[in-house]
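Fold and contact review
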Amino acid sequence: PVQKLFDLAGKASDKPVWALLGASEAIPVRCNATLVAAAPDEVATDARRWAARGFGTFKLKVGTGDDVAQVRAVREALGPEAKLRLDANGAWSVAEALGVLRMVEPLDVELVEPPLAELRELAEVSAGTSIPARSWPSAGRWAGRWPSIWPHAARSPGLLRSAPSPVWSRWRAG
């Protein structure tokens, strides 16, 4: 709704929305390419296709198969300059998350989102790997549970992202 109002205001004033908001120039918003979990060679081929289209950040869906081989294949296909993010959609247990993340640490993974279904376990994973593990409070899943969740989030700053949408707001995507 508010986006439509900005669009209408821009059209009415014959100015781009970025100028209405006070910006001195338009800055493109860069997005990541999402790679669906598959056989490592298929994921690597998909990553190369997205890279050829200009993407430099890739979010690999994990938690469905040989995660380490998929991450390794993508890193080898794209080289060290590409940013790799993992999205486990809460599929792992604490042991699985720590096992996979520790094995892919040398592959320079930027972050993993949400590796676990339960926030209280996320602090343990965050403490056990150098890869930042993030999650977000889902209104449906965690509604009314803040008294039990907050102590875990407070002990591990950064576990919860601050944006209400599935788009990361703390990092500039690219």
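So, here's what we can say about the structure. (Residues numbered from 1 in each chain as written. Predicted model: local features only at pLDDT ≥ 70, side-chain atom pairs only at ≥ 80, totals over all residues. Heavy atoms only, no water.)

**Overview of the pattern of salt bridges**
The full count for this structure, using the stated rule, is six salt bridges. Of the charged contacts, one joins Asp 87 and Lys 59 as a salt bridge, the two residues approaching to 3.6 Å between their closest N and O atoms. You can see Asp 87 sitting in strand β3 (residues 83–87) and its partner Lys 59 sitting in strand β2 (residues 57–61), a full 28 residues away along the chain. Residue classification places Lys 59 among the buried positions, given a relative accessible area of 10%. Linking Lys 59 and Glu 113 is a salt bridge whose minimum nitrogen-to-oxygen distance equals 3.2 Å. In this pair, Lys 59 sits in strand β2 while Glu 113 sits in strand β4 (residues 109–113), placing the two residues 54 residues apart along the sequence. Each member of the pair, Lys 59 together with Glu 113, is buried. Overlapping salt bridges bring together Lys 59, Lys 61, Asp 87 and Glu 113 as one network. (Salt bridge = Lys/Arg side-chain N within 4 Å of Asp/Glu carboxyl O. Helix = DSSP H or I, 4+ residues; strand = E, 2+ residues; numbered from the N terminus. Buried < 20%, exposed > 50% of the residue type's maximum accessible area, 1.4 Å probe, protein only.)

**Notes on the side chain of Gln 70**
On the secondary structure map, Gln 70 appears in helix α4 (residues 67–78). Side-chain polar atoms of Gln 70 contact the backbone nitrogen of Ala 38, separated by 3.1 Å. If sequence neighbours within four positions are ignored, Gln 70 has contacts with Ala 37, Ala 38, Pro 40, Val 43, Leu 60, Lys 61 and Gly 65. (Polar contact = N/O pair within 3.5 Å; in protein donor to acceptor, adjacent residues only side chain to side chain. Contact = heavy atoms within 4.5 Å.)

**Here we look at a nonpolar patch on the surface**
A cluster of nonpolar side chains, Val 2, Leu 5, Phe 6, Leu 8, Leu 20 and Leu 21, forms an exposed patch at the surface whose accessible area comes to about 560 Å². A total of four residues in the nonpolar patch trace back to one element, the largest contributor, which is helix α1 (residues 2–13). Residue position: Leu 21 is located in the loop between α2 (17–20) and β1 (33–35). (Patch = residues over 30% accessible without salt bridge, like charges linked within 9 Å, V, L, I, M, F, W, Y side chains within 5 Å. Areas by Shrake-Rupley, 256 points an atom, 1.4 Å probe, with all protein chains shown as cover.)

Any link to function would need more than the numbers given here.
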